[in-house]
Number of protein chains: 4
Amino acid sequence: MNPKSDNRNICVVVHSRANYGRIKSVLQAIHDHPDLNLLLLVGGSAVLSRFGNVSEQIEKDGFKITARVPFIVEGETPTTMAKSTGLAIIELATLFENLKPDIVLTVADRFETIATAIAASYMNIPVAHTQGGEVTGSIDESVRHAITRLSHIHFPATKRSAEYLEKMGESEESVFFVGCPSIDIVAQCDRSMPTDFFKKYNGVGVEPDPAKPYIVVLQHPVTTEFGSGLDQINATLKATADIDVHKIWLWPNIDAGSDDVARGIRIFRETHTAKQFSFYKNFAVEDYTKLISNCACLVGNSSSAIREGAFLSIPAVNIGSRQNYRECSDNVVTVPHDAGQIKQAIGERMAHPPFSSSDMFGTGDAGVKIADVLAKADLNVKKVLAYAKEDVHGGLYRSATLLSDGG
Amino acid sequence: MNPKSDNRNICVVVHSRANYGRIKSVLQAIHDHPDLNLLLLVGGSAVLSRFGNVSEQIEKDGFKITARVPFIVEGETPTTMAKSTGLAIIELATLFENLKPDIVLTVADRFETIATAIAASYMNIPVAHTQGGEVTGSIDESVRHAITRLSHIHFPATKRSAEYLEKMGESEESVFFVGCPSIDIVAQCDRSMPTDFFKKYNGVGVEPDPAKPYIVVLQHPVTTEFGSGLDQINATLKATADIDVHKIWLWPNIDAGSDDVARGIRIFRETHTAKQFSFYKNFAVEDYTKLISNCACLVGNSSSAIREGAFLSIPAVNIGSRQNYRECSDNVVTVPHDAGQIKQAIGERMAHPPFSSSDMFGTGDAGVKIADVLAKADLNVKKVLAYAKEDVHGGLYRSATLLSDGG
Amino acid sequence: MNPKSDNRNICVVVHSRANYGRIKSVLQAIHDHPDLNLLLLVGGSAVLSRFGNVSEQIEKDGFKITARVPFIVEGETPTTMAKSTGLAIIELATLFENLKPDIVLTVADRFETIATAIAASYMNIPVAHTQGGEVTGSIDESVRHAITRLSHIHFPATKRSAEYLEKMGESEESVFFVGCPSIDIVAQCDRSMPTDFFKKYNGVGVEPDPAKPYIVVLQHPVTTEFGSGLDQINATLKATADIDVHKIWLWPNIDAGSDDVARGIRIFRETHTAKQFSFYKNFAVEDYTKLISNCACLVGNSSSAIREGAFLSIPAVNIGSRQNYRECSDNVVTVPHDAGQIKQAIGERMAHPPFSSSDMFGTGDAGVKIADVLAKADLNVKKVLAYAKEDVHGGLYRSATLLSDGG
Amino acid sequence: MNPKSDNRNICVVVHSRANYGRIKSVLQAIHDHPDLNLLLLVGGSAVLSRFGNVSEQIEKDGFKITARVPFIVEGETPTTMAKSTGLAIIELATLFENLKPDIVLTVADRFETIATAIAASYMNIPVAHTQGGEVTGSIDESVRHAITRLSHIHFPATKRSAEYLEKMGESEESVFFVGCPSIDIVAQCDRSMPTDFFKKYNGVGVEPDPAKPYIVVLQHPVTTEFGSGLDQINATLKATADIDVHKIWLWPNIDAGSDDVARGIRIFRETHTAKQFSFYKNFAVEDYTKLISNCACLVGNSSSAIREGAFLSIPAVNIGSRQNYRECSDNVVTVPHDAGQIKQAIGERMAHPPFSSSDMFGTGDAGVKIADVLAKADLNVKKVLAYAKEDVHGGLYRSATLLSDGG
């Protein structure tokens, strides 16, 4: 007798370093849940060695990978982002067809995320979605809200996001405010940095001393500003070069324009002595928490400055429009792509008295809550805009509704 | 000198019979507009002979096809709908890359529509969308609202749809209530039926006499009820067989489950004498208008019963959940997939005094209005949820917004 | 302890009705072999209900399907054949990556076959190939020899094919003349037809009486004559209509032009009384053997007239160029697409004294032989043209060969 | 009147740096031919900035690009090579469908080449192929001969290749020995190096002095030895580091394993002072000729050491199995992946008296000859193995041939 044979099969698609950190505690909670089985697909940049081969890390963490699926069309342009989305849908559809998951869980707002949502929703598989209702810049903004429309179970990370989801017309019963799973990692993590912290990572440049102050820079391309990436990265490079602490740069994601970012970094390295710089592709999820919770300032446009940063009260300088309109705590200040303003803001943040911790993105139990909902949620793939339901049942307009038929 | 060289290039993707009828007047208006060039891509079922080769009809109507693109993965299952979406994205991305349109216009709520919207929006090409904000059943409901989120210019067909779009958080400046382009065709069309109307169409079964009463049946599969198609079509076949007028059946679209519908029709034909039945794949857009405006009753689950039906005051029996919550005029009555109820409803509709015409879906000038907006609209691919903009500017929450940077 | 854990994993891709019959005895022999595990992928038209859903038959026969993979791009044109090939490669590569087969076995000469060979050979998986070295018309001819070049283990079905493979420059050690696995089925099959033979098949038209004489027609499109399909099928329809026995027509394969063939059949059915005609999509492999071994004449361009026909001594009329240059026994006569000549040839074949059986395509033990070779063959993915090896080692020309390095 | 409207449209797919050099003189000759139009598709690594954006160079050379098509699936593994092949077929099929070329010309032996050949041959477009009949190691060997089987017009580069093509069973009338187009460039090129030769190239490392002796290294991954790439490149790095002249390394192609090669180079750069090393992504075709014709030794496994090297009498050390069995002149010596042997061979080559020039790969007029054949060749897509034709017509075996029907 296999005690798990009646369990719900929950399929999660992990496709990048950042993505893994945002869902790891949920994977663990699904894996540990008596009524759930985990089907884990790993694709996108998570199977590429150029991005630090996240799939190896996932296996080291004790998860069994059900299938690997490479679907990135090379080029890092707007065109290849679109094509990668298409290829991901094709591949995921075949895997879903053969694995027959009961629910597919998809994370946040990336092209891999919408590919997952499209494949599953067309295949009548209920879609669960984390981080819906948040607001930012970049194409991610549009894509996130589009995924919400294709999803059947919502796990917003903040109260405001939950409210926005209902305001958009998602039904109240489908929205579960649980906090962000990334905070689970952060809340449980021992934040102390061992002296040999950087030894195991194959960085480029001078190895940092974890005992001395350092700043962390993570700046992704802004897809909707494609073509400006080199100038944008140069401003940040120039600003940070003048600050007399060690700078730890992390490799950007695989969005359109990441080639510009990488090129800017390479040119800088070849034309500057770069004594106080080091460059890394990837950190284990917990190590990333250690790294940012001990930094003097977190610089760039990563959402971790805002999300984990709120909980960890990390001094952060957010640059440009990528996080536009995202709700944040007072640890974050935002500046344009101007070297002078970036440098000044970093200086001010580093001189600022400690910020207090905020639980706006949750308190550390999102993973367990999500697994519980997945085990019990009503699985119905029929959706309808909540306004319409209300208006029709309220007699506000005449409709072609068959009220007896699930209407 | 080429007078059109500074014109905006508007790319429209036409992918099916129904789709063409919904956008034809816009194609004409773009083609005729002094400041616009039309780039016309034809794909999906519109290039398949099994669906009546709509691309030939398009050329007969005087439009030049820029490129043909076959992207349907065969099977008509939920899996192949997903895969067709992926393949369409891949193909359209290459075409957009080479054609470099200024705006891509996408129609309604189908997998081809969302494929178009995803390719264009990831490629930073502004997306214009018709029929946003409407409410129905089936996967189309989710997909329609997802496309809205990826679109930059909205052309809702009804006042209510326009209101819903803003309620969802689309910015007021991006919503243009213009009516439905399908009404343009209907309003201008000479509705009289020549006696040889059916001669040119290669139908199966007895040729109908246009001078005698007939009913038209068009029943598409409901993707979210995949597996029930055969029962559903059998109920309609049984109901209509008992009604003593000629029945003109139209072939369903290519959604998951259409194979069931086709099979039901085939089995019926082989096991019944079917004297008063005929079956057609395709009518020219104007002929479809003639056909339905002269019928005794329009039966099934096509939106044309509701849309063109409202304007043309066609007695209509809408079956099942596919049009759930769609606003409609009093010409429509909705019944479940029950042969008895369907038969009774058809009888009642046929006996009903004439309905009055409704302009809820527009008055016949949508095409021209859309072309005008396309020629002048501000082309900005950055979007943000309107609630967030309002709340942040109203000081309701602290955000990572760079207000100077288009925030 | 799993006794099969050190076994070689043999992956076979089955994609159509005909294809399954050609490899079924090998599947059984692999399944039964103590040192082999069978990984069975089913794709192409074998997962489409329009083609009789062969995958269900495979499962009824007791085989476990490892994965289903739909990859047919709809249209049945030269363009969509090419696109289906591309999609099949993409899908199969992901499956091979996750299944990690030791050998991939691919059958004959179709687009699915070359897709399998390309995916496996680029992935350094040894490719075994049946039916190499045969000669025919159509694009299959070119594709078959191309697959030979990508394959590492050859299982030709005839002596002449084996000789041709070596003549082309394949190494002697890689060529194993085993006969055709299709003959295994035929040799073991009870050829008697029960009186209710046709009952279980959902044919169209009058059900044939197995006790009375009948002819079987199977005519595939000729891809390299795309556009002539309708005329070609009409000639055969006309010829057979005049012959006063029952005609059993089988549905063509999914090659470019099959739509023409299907259309020809449909038009004929709608315009003729077709009293002595019936149409079938699919027979179980053994039933197909019964069907053709008892027919008065096998008409069309299927290779089964030549292959199984030789062993079963079936009177056969081969039409057109599809089998050009294929070696055959005296049961076959070939005529052009001319109704008069076809009709006359059928008459002569039916009047001819019985033909004698030929073992040119083997004696019925191909499956077991193939499994044995697969269990023991040296697995080396490096290949080189045999002429070159001989010439270089014979000192005929100076080469950049590193003789010590596997040269 | 458009004088070129009756011209044959010749479509060429260029996909990489090396590939462009091998076909450039043909592009020019087609462009200049009064009876031909050039349709130029650029894809693969030729549209990727990581590989030096060859498409820009093509436009600078005065060619108009008909369409750009990105189809590389990222990863540089055996799996992604297979998937890139599939994606290329899908994309090229759509472009061929819309461009309707009369002939498609494909170059050499790469995955892009077989993708082109498969798309065109399934679409009944005659395929012309350069470099058929050559013999080497790697997967290219199998793929080259497979492409031959799909091709209708052969342009072998050497006499031996031409003989091998016929020996394989290609018909004599389809084989045109014209020499290699790459020799055209070399023969016409001014080989003198200006003092500022390296200025315009954005290399990494110390800029070389063109007046001083230097060696050029170009080492591609061997796909069929995937996994050994890092060791192989390390041997070459170690060997060349000890030689006291400047080393100019070129970036490898995009085959499976190129990531290993790139990683080896990066690690070396970060761990060695690398004073006498410089690294380049790309040279213009003519500059590449200058570069290698003036080098003290050409090291690695590029076919240019053998091909252009024969004509230019370049001292060359060929490493490993990639060029196994390729015919070569006495300028080439071959050694295994052993640092000691590589170093010694380079020393001996540099000390060797000048080699004499060989015309085994042609005399410099291949481009013009190829264009002439393309303008006049009989366009027939039906092929049959020449042995079979001979044997059947010689009465050697009974076949199902319809001799009147093009048999």
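Criteria and cut-off values
- Residues numbered from 1 in each chain as written.
- Chains lettered and ligands numbered in written order.
- Predicted model: local features only at pLDDT ≥ 70, side-chain atom pairs only at ≥ 80, totals over all residues.
- Heavy atoms only, no water.
- Helix = DSSP H or I, 4+ residues; strand = E, 2+ residues; numbered from the N terminus.
- Rg over C-alpha atoms; globule rule 2.2 N^0.38 Å.
- Buried < 20%, exposed > 50% of the residue type's maximum accessible area, 1.4 Å probe, protein only.
- Contact = heavy atoms within 4.5 Å.
- Areas by Shrake-Rupley, 256 points an atom, 1.4 Å probe, with all protein chains shown as cover.
- Pairing = 2+ DSSP bridges.
- Right-handed = clockwise from strand over helix to strand, strands pointing away.
- Salt bridge = Lys/Arg side-chain N within 4 Å of Asp/Glu carboxyl O.
- Polar contact = N/O pair within 3.5 Å; in protein donor to acceptor, adjacent residues only side chain to side chain.
- Nonpolar A, V, L, I, M, F, W, Y, C, P; charged D, E, K, R; others polar.
- pLDDT = per-residue confidence, 0-100.
- Buried area = accessible area lost by both parts, 1.4 Å probe.
- Axes fitted to C-alpha atoms, helices over the stretch in contact; angles between N-to-C directions.
- Parallel < 35°, antiparallel > 145°, perpendicular 65-115°, else oblique.
- Left-handed = near helix turned anticlockwise from the far one by under 90°.
- Least-squares fit on C-alpha atoms with pLDDT ≥ 70 in both.
- Core = buried A, V, L, I, M, F, W, Y, C linked by side-chain atoms within 4.5 Å.
- Phe/Tyr/Trp six-rings, centres within 6.5 Å; stacked < 30°, edge-to-face > 60°.
- Lys NZ or Arg CZ within 6 Å of the ring centre and 35° of its normal.

Caption draft 1: Summary view of the overall build of chain A. Across its full length, chain A carries 14 helices and 13 strands. A compact globule built from 407 residues would reach a C-alpha radius of gyration of about 22 Å, and chain A, at 22 Å, matches this within 12%. Taking the principal axes of the C-alpha coordinates as reference, chain A spans close to 70 × 55 × 40 Å. Taken over 407 residues, chain A has a buried fraction of 69%. For chain A, contacts bridging at least 24 residues in sequence account for 70% of all contacts bridging at least 6. Approximately 13,400 Å² of chain A is accessible, and the part contributed by carbon and sulfur atoms is 49%.

Caption draft 2: Expanded view of the pairing of strand β1 (residues 8-14) of chain A. Residues and elements named next belong to chain A. Most of β1 sits inside the fold, with six of its seven residues counted as buried. Sheet analysis places β1 next to strand β2 (residues 36-43), joined by seven bridges and oriented parallel. Residue pairing for β2: Val 14 is matched across the bridge by Val 42. Between the parallel pair β1 and β2, the chain is carried across by helix α1 (residues 17-32), and the sense of this crossover is right-handed. Strand direction decides the pairing type here: β1 and strand β4 (residues 103-107), joined by three bridges, are parallel. The partner of Val 12 across the bridge, within β4, is Leu 105.

Caption draft 3: Examining the interface of chain A and chain C more closely. Taken residue by residue, the interface counts eleven residues in chain A and eleven residues in chain C. Put simply, chain A and chain C have zero salt bridges between them. Taken together, chain A and chain C are joined by four residue pairs in polar contact (both at pLDDT 80 or more). Of all elements in the fold, only β3 (67-69) and α3 (78-99) of chain A reach the threshold of two or more residues within the side of chain A that touches chain C. A total of six residues in the side of chain A that touches chain C trace back to one element, the largest contributor, which is α3(A). Counted by class, the side of chain A that touches chain C contains five nonpolar, three polar and three charged residues.

Caption draft 4: Inspection of the confidence of the model for chain A at higher detail. Across chain A, the average pLDDT comes to 93, with 98% of residues at 70 or higher. On the interface metric, ipTM, the complex scores 0.95, and its pTM is 0.95.

Caption draft 5: How the structure looks around the interface of chain B and chain A. Tallying the contact residues gives 77 residues for chain B and 77 residues for chain A. Counting the surface lost from both chain B and chain A, the interface buries some 6,500 Å², and carbon and sulfur atoms represent 62% of this. Taken as a group, B:Tyr122, B:Tyr325 and B:Arg398 account for 15% of the area that chain B buries against chain A, more than any other trio of residues on that side. Inspection of the region where chain B meets chain A yields four salt bridges. Residues B:Glu225 and A:Lys382 are paired through a salt bridge, measuring 2.3 Å at the closest nitrogen-oxygen approach. Put simply, chain B and chain A have 40 residue pairs in polar contact (both at pLDDT 80 or more) between them. When contributions to the side of chain B that touches chain A are tallied by element, the ones reaching two or more residues are α3 (78-99), α4 (111-122), α5 (138-150), α6 (159-168), β13 (332-335) and α14 (386-393) of chain B. Looking at the side of chain B that touches chain A, the element that brings in the most residues is α3(B), giving 13 residues. Per-class residue counts for the side of chain B that touches chain A are 38 nonpolar, 22 polar and 17 charged.

Caption draft 6: Quick peek at the packing of helix α4 (residues 111-122) of chain A against helix α5 (residues 138-150) of chain A. All names here are of chain A. Where α4 meets α5, the axes come as close as 10 Å, and the angle between the chain directions of the two elements is 20°. Our classification of the angle between α4 and α5 gives roughly parallel. Where α4 crosses over α5, the two elements pack in a sense that is left-handed. In contact with Thr 113, Ile 114, Ala 117, Ile 118 and Ser 121 of α4, α5 contributes Val 143, Ala 146, Ile 147 and Leu 150. Residues that form the contact of α4 with α5 fall into these classes: seven nonpolar, two polar and no charged.

Caption draft 7: Quick look at the sheet that holds strand β5 (residues 127-130) of chain D. Residue and element names in this part refer to chain D. With parallel pairing, the six strands of this open sheet are ordered in space as β3-β2-β1-β4-β5-β6. On the outer flanks of this sheet lie β3 (67-69) and β6 (153-155), each paired with one strand and no other. Each neighbouring strand pair of the sheet contributes to a mean axis angle of 25°, computed without reference to strand direction. Across the sheet, helix α3 (residues 78-99) is in contact with β1 (8-14), β2 (36-43), β3 and β4 (103-107); its angle to β2 comes to roughly 155°.

Caption draft 8: Main features of the relation of the copies chain B and chain A. Each copy superposes on the other: chain B lies on chain A with an RMSD of 0.0 Å after a rotation of 180° and an axial shift of 0.0 Å. What the superposition gives is, in effect, a two-fold axis relating one chain to the other. Of the interface residues in chain B, 100% have counterparts in chain A that sit at the interface too, so the contact is made through matching surfaces.

Caption draft 9: Representation of unusual backbone geometry in the model. Of note in this structure, A:Gln131 is not a glycine but carries a positive phi near 70°. Relative to the assigned elements, A:Gln131 resides in the loop between β5 (127-130) and α5. Residue B:Asn124 is not a glycine yet carries a positive backbone phi of 60°. If you trace the backbone, B:Asn124 turns up in the loop between α4 and β5 (127-130).

Caption draft 10: Representation of the nonpolar core. Core analysis: the largest hydrophobic core is formed by 216 residues, its most contacted members being A:Phe96, B:Phe96, C:Phe96 and D:Phe96. Residues within four places of B:Phe96 in sequence aside, it is in contact with B:Cys11, B:Val13, B:Leu41, B:Pro101, B:Val104, B:Thr116, B:Ala119, B:Ala120, B:Met123 and B:Ile125.

Caption draft 11: Spatial organisation of the packing of aromatic side chains. In this structure the tally under the stated criterion is 56 aromatic pairs over all chains. Centroid distance B:Phe198 to B:Tyr280: 5.7 Å. Interplanar angle 40°. Geometry classified as tilted. Linking B:Phe198 in the loop between α7 (181-188) and β7 (204-205) with B:Tyr280 in strand β10 (residues 277-280), this pair joins segments that are 82 residues apart in sequence. When sorted by exposure, B:Phe198 lands in the same class as B:Tyr280, which is buried. Each ring, one from C:Phe197 and one from C:Phe198, has its centre 4.9 Å from the other, and the planes form 80°; the classification is edge-to-face. Accessibility classification places C:Phe197 together with C:Phe198 in one group, the buried group. Taken together, A:Phe197, A:Phe198, A:Tyr201, A:Tyr280 and A:Phe283 form an aromatic cluster joined through their ring pairs. Between B:Lys167 and the ring centre of A:Tyr387, over which it is positioned, the NZ or CZ distance is 4.5 Å.

Caption draft 12: Just the relation of the copies chain A and chain C, in detail. When chain A is fitted onto chain C, the two copies agree to an RMSD of 0.0 Å after a turn of 180° and an axial shift of 0.0 Å. A high fraction, 100%, of the interface residues of chain A reappear at the interface in chain C, so the copies pair face to face through one surface.

Caption draft 13: Looking closely at the pattern of salt bridges. In this structure the tally under the stated criterion is 96 salt bridges over all chains. Here C:Arg110 makes a salt bridge to C:Glu112, at a shortest N to O gap of 3.5 Å. Note on accessibility: C:Arg110 and C:Glu112 belong to one class, buried. Note that D:Arg307 and D:Glu134 form a salt bridge whose closest N and O atoms lie 2.8 Å from each other. With D:Arg307 in helix α11 (residues 307-312) and D:Glu134 in the loop between β5 and α5 (138-150), this residue pair connects regions lying 173 residues apart in the sequence. The exposure classification of D:Arg307 matches that of D:Glu134, with both residues buried. Beyond isolated ion pairs, a larger network of salt bridges with shared partners links A:Lys24, A:Asp61 and A:Glu286.

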